[in-house]
Amino acid sequence: MSDMPLSDVERIKTASRHLRGSLSKSLGDAVTGALADDDTQLSKFHGIYQQDDRDLRAERRKQKLEPAFSFMIRVRVPGGLVTAEQWLALDDIADEYANSTLRLTTRQAVQYHGIVKRGLKQAMASINTTLLDTLAACGDVNRNVMCTAHPDDSALHQQVFEAAQQVHEHLTPQTGAYHEIWLDGKKVKGADVEPIYGDTYLPRKFKSVVALPPVNDVDIFAHDLGFIAIVEDGELAGFNVTVGGGLGMTHGDQGTYPRLADVIGFCTADQVRDVSEHVVTVQRDFGDRTSRKHARLKYTIEDRGVDWFVEALNARLAQPLQAARPFEFATTGDRYGWYEREDGRWNYTLFVENGRIADNAEHRMRTALRELAAQFDANFRITPNQNLVIVGIDGQKKDAVIELLEGHQVTGKGGPSALRRNAMACVAFPTCTQAMAEAERYLPSLLSRIEALMSSHELGDTPIVTRMTGCPNGCARPYLAEIGLVGKGPGTYNLLLGAAPDGSRLNTQYRENIGEEQILAELDQLLGDFAAHRHEGERFGDFVVRAGHVPALDHGRDYHRLAAAVTG
């Protein structure tokens, strides 16, 4: 592939002067609400996606107006940790520059939507004052580093969080472009030096996570690089290393598919920086820069083999990896409600449907969280399941916290079902440029109908991991759901079944391009069979494989073959 032409994004990066491009000029162009085409690509490295309101496209086209351009800004929040002071500032930004909502992402970050170009620079500067940033929240670099969502639970959790922080800091780009463009920083004379990324950064995006068994809330096998904490005799011995995960694919393209990461060895805690750097540099040097669809680390490993990758990595490490050590995951879900920490204080995990924090007719969640930060000095942890942990509450104040949440209709009797608590959706329409179908706006109503089916089969509060995306890129990790719904077109989805509840097995496509009524009809039969024939404690994802409704998908490269065999 070395003699093939580079992708156009490679040209843009090469000419960008370490991510500067003509972004400053584009920001000052008042004639259009958009950035120049090349700058639109570069802005992703700064944590920005240019979007437009797709609900308004047709009408604006009739009126001969350009699309209603706006921007999504993604704030990096390593490990999902947000202080009370930061939360209050982030909440202010939502009103001042965005659409008065905050969205918690499936990678423990915060997104703003609806920011117009004239407010971009001021919004970015305001984010910087919180001691958070957006650099590398998107783009061909290592993105927000995920970590098990409860670093305050114990000393072990804190050690694991510190490892995630090391990866975050070590893999952050060194370019001065971010400060120059957004913060009016001093211009750097001559060329920047990117000691890890080089002049053209990575061939494609790169995602890193850290997990502490038995909880796999980060879905570690879905990411390019992972560190699984190994605890021996109550102490952190080090980490198993995983590489080559990634869920995005393209409908109809047999060369693209979801892939789970391989466990390739074990490293000590003091090797984490070295391992993270050189996993990145191997991908930097050998990843595909000709085809963006084939540019993730998972395809580098597929093309060259796991053994080749381990050999190439060990040749660069100061100390080679040791043999992987035993571990076991039990769940990918969150622990809801109150639980006590080792220090005697309390945390409370709050369900946030699809990560959207807003005040609306149903509840005043934004107001409630603002008051918690202001009155209780509450810190927060964003979970990989788009929920929020209220952190460090004194035991004597627990009742007051619940009273505040109930007063704003955020919590109440009953609460969401286990099905809903284990569901996620991407944003999709109206702003995502890749969306083919609804997700965030549609999943809640579909879940209500699935809940009715479960009730009819006396499944009660049975948990089933259910995830929906508006396209096959996999942002809400639908390929690791017991019930996955992947947008194919307006109102239609591919139905996928059979992922393992611990995140260790992909699901298999069961039906293609079907609408709501057929989705419900298929699930009605499947849930009925599950209710009648499941084993004690058996999860739905495991049942549909055991019962033969779908074959187990042992490797992502078989995704299309098995989908064709099942759907005919």
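Before any of the text, the structure's been laid out above.
Chemist: Account for the overall build of the protein chain, naming residues and giving values.
Modeler: For the protein chain, the count of helices and strands is 18 helices and 20 strands. Here the C-alpha atoms of the protein chain give a radius of gyration of 23 Å, agreeing with the 24 Å that 2.2 N^0.38 yields for 568 residues. On the protein chain, roughly 22,400 Å² of surface is accessible, and the fraction owed to carbon and sulfur atoms is 48%. Of the charged side chains in the protein chain, 62 are positive and 77 negative, and the gap between their average positions amounts to 6 Å.

Chemist: Quick rundown of helix H5 (residues 84-96)? Include the residues and the values.
Modeler: With 13 residues, H5 extends 19 Å between its outermost C-alpha atoms, agreeing within 8% with the 18 Å of an ideal straight helix rising 1.5 Å per residue. Within the sequence span of H5, burial applies to Ala 84, Gln 86, Trp 87, Leu 90, Asp 91, Ile 93 and Ala 94.

Chemist: Before we move on, could you go through the sheet that holds strand E7 (residues 208-211) and cite the residues and values that matter?
Modeler: An order of E6-E7-E8-E9-E10 is seen for the five strands of this open sheet, with the pairing classed as mixed. Two strands lie at the open edges of the sheet, namely strand E6 (146-147) and strand E10 (262-267), each paired on one side alone. The strands touched by helix H7 (residues 155-170) within the sheet are E6, E7, strand E8 (225-232) and strand E9 (235-243), with E9 carrying the most contacts at an inclination of about 40°. Lying on the sheet, helix H9 (residues 272-286) is in contact with E8, E9 and E10; it crosses E8 at an angle near 155°.

Chemist: For the nonpolar core, give the residues involved together with the corresponding values.
Modeler: Counting 95 residues, the largest nonpolar core has Tyr 112, Phe 227, Phe 239 and Leu 372 as its most contacted members. Ignoring any residue separated from it by four or fewer positions in sequence, one finds Phe 239 in contact with Val 160, Ala 163, Val 210, Phe 227, Ile 228, Ala 229, Ile 230, Gly 265, Phe 266, Cys 267, Ala 269 and Val 272. Judged by nonpolar contacts, the second largest core, of 36 residues, contains Ala 435, Leu 443, Leu 446 and Leu 485.

Chemist: Tell me about the sheet that holds strand E12 (residues 346-350), and name the residues and values.
Modeler: Ordered by their spatial adjacency, five strands build an open sheet running E3-E14-E15-E12-E11, and the pairing between neighbours is antiparallel. Each edge of the open sheet carries a strand with a single partner, namely strand E3 (81-82) and strand E11 (337-340). Where E3 and strand E14 (residues 379-382) come together, two bridges link them in antiparallel fashion. When the sheet's bridge partners are listed, Leu 81 is paired in E14 with Arg 381. In the packing of helix H13 (residues 398-407) onto the sheet, contacts are made with E11, E12 and strand E15 (388-393), and the angle to E12 comes to roughly 20°.

Chemist: A description of the pattern of salt bridges should follow, citing residues and the corresponding values.
Modeler: Opposite charge on two side chains permits them to pair, given that their charged atoms come into close proximity. Scanning the entire structure with this criterion turns up 39 salt bridges. Put simply, Asp 224 and Arg 296 hold a salt bridge, and the shortest N to O gap is 2.7 Å. Taken together, the residues span a long stretch of sequence, with Asp 224 in the loop between E7 and E8 and Arg 296 in the loop between H9 and helix H10 (297-304) at a distance of 72 residues. The residues Asp 224 and Arg 296 share a single accessibility class, namely buried. A cluster of three or more residues bridged by salt bridges with shared partners is formed by Glu 10, Lys 13, Asp 140, Arg 289 and Arg 292.

Chemist: A description of helix H6 (residues 117-128) should follow, citing residues and the corresponding values.
Modeler: Here H6 contains 12 residues, and its C-alpha end-to-end distance of 18 Å stays within 8% of the 16 Å for a straight helix at 1.5 Å per residue. Within the sequence span of H6, burial applies to Lys 117, Gly 119, Leu 120, Ala 123, Met 124, Ser 126 and Ile 127. The buried residues of H6 occupy one face: seen down the axis, they fall within an arc of 160°. Taken together, the buried residues of H6 touch helix H2 (23-27), strand E1 (48-52), strand E2 (69-75), H5, strand E5 (110-115) and helix H8 (177-182).

Chemist: Before we move on, can you summarise the layout of surface pockets with the specific residues and values?
Modeler: In this structure, the second largest pocket encloses a volume near 870 Å³. Forming the walls of the second largest pocket are 35 residues, and the residues nearest its centre are Phe 351, Glu 353, Glu 362, His 363 and Met 365. Contributions of two or more residues to the lining of the second largest pocket are made by E5, E12 and helix H14 (418-421). For the lining of the second largest pocket, the element with the highest residue contribution is E12, accounting for three residues.

Chemist: Go over unusual backbone geometry, please, and point to the residues and values.
Modeler: The omega torsion across Pro 213 and Pro 214 is 10°, close enough to zero to call that bond cis. You can see Pro 214 is positioned in the loop between E7 and E8. Omega for the bond connecting Phe 429 with Pro 430 falls within 30 degrees of zero, at 5°, which places this linkage in the cis form. Positive phi, close to 65°, is recorded for Gln 108, a residue that is not glycine. Note that Gln 108 resides in the loop between strand E4 (102-104) and E5.

Chemist: Summarise the packing of aromatic side chains; cite the residues concerned and give the values.
Modeler: Within this structure, the stated rule accounts for 15 aromatic pairs. Each ring, one from Trp 87 and one from Phe 380, has its centre 4.9 Å from the other, and the planes form 45°; the classification is tilted. Note that Trp 87 is positioned in helix H5 and Phe 380 in strand E14, a separation of 293 residues in sequence. An identical accessibility class is assigned to Trp 87 and Phe 380; each is buried. Aromatic rings pair up to connect Phe 45, Tyr 197 and Tyr 201 into one cluster. Over the aromatic face of Phe 266 sits the side chain of Arg 325, whose NZ or CZ is 3.8 Å from the ring centroid.

Chemist: Which residues make up the side chain of Thr 411, and what values go with them?
Modeler: Tracing the backbone shows Thr 411 in the loop between H13 and H14. Classification of Thr 411 as buried rests on a relative accessible area of 18%. Apart from residues lying up to four places away in sequence, Thr 411 is in contact with Tyr 348, Leu 350, Ile 402, Leu 405 and Glu 406.

Chemist: Talk me through the packing of helix H12 (residues 365-376) against H13; I want residue IDs and the actual numbers.
Modeler: Between H12 and H13, whose axes approach to 9 Å, the crossing angle comes to 150°. In terms of orientation, H12 and H13 fall into the roughly antiparallel class. Once H12 is placed against H13, the crossing between them reads as right-handed. When H12 is examined against H13, the residues Ala 368, Glu 371, Leu 372, Gln 375 and Phe 376 are found in contact with a partner set consisting of Ala 400, Val 401, Leu 404 and Leu 405.

Cut-offs applied
Residues numbered from 1 in each chain as written. Predicted model: local features only at pLDDT ≥ 70, side-chain atom pairs only at ≥ 80, totals over all residues. Heavy atoms only, no water. Helix = DSSP H or I, 4+ residues; strand = E, 2+ residues; numbered from the N terminus. Rg over C-alpha atoms; globule rule 2.2 N^0.38 Å. Areas by Shrake-Rupley, 256 points an atom, 1.4 Å probe, with all protein chains shown as cover. Lys, Arg positive; Asp, Glu negative; His and termini not counted. Charge placed at Lys NZ, Arg CZ, Asp CG, Glu CD. Expected span 1.5 Å × (residues − 1). Buried < 20%, exposed > 50% of the residue type's maximum accessible area, 1.4 Å probe, protein only. Pairing = 2+ DSSP bridges. Contact = heavy atoms within 4.5 Å. Axes fitted to C-alpha atoms, helices over the stretch in contact; angles between N-to-C directions. Core = buried A, V, L, I, M, F, W, Y, C linked by side-chain atoms within 4.5 Å. Salt bridge = Lys/Arg side-chain N within 4 Å of Asp/Glu carboxyl O. Arc of directions from axis to C-beta. 1 Å grid on protein atoms, 1.4 Å probe; cavity = no way out; pocket = protein on both sides within 12 Å on 5 of 7 lines; lining within 4 Å. Points joined across faces, edges and corners; volume = space filled by probe spheres on them. Phe/Tyr/Trp six-rings, centres within 6.5 Å; stacked < 30°, edge-to-face > 60°. Lys NZ or Arg CZ within 6 Å of the ring centre and 35° of its normal. Parallel < 35°, antiparallel > 145°, perpendicular 65-115°, else oblique. Left-handed = near helix turned anticlockwise from the far one by under 90°.

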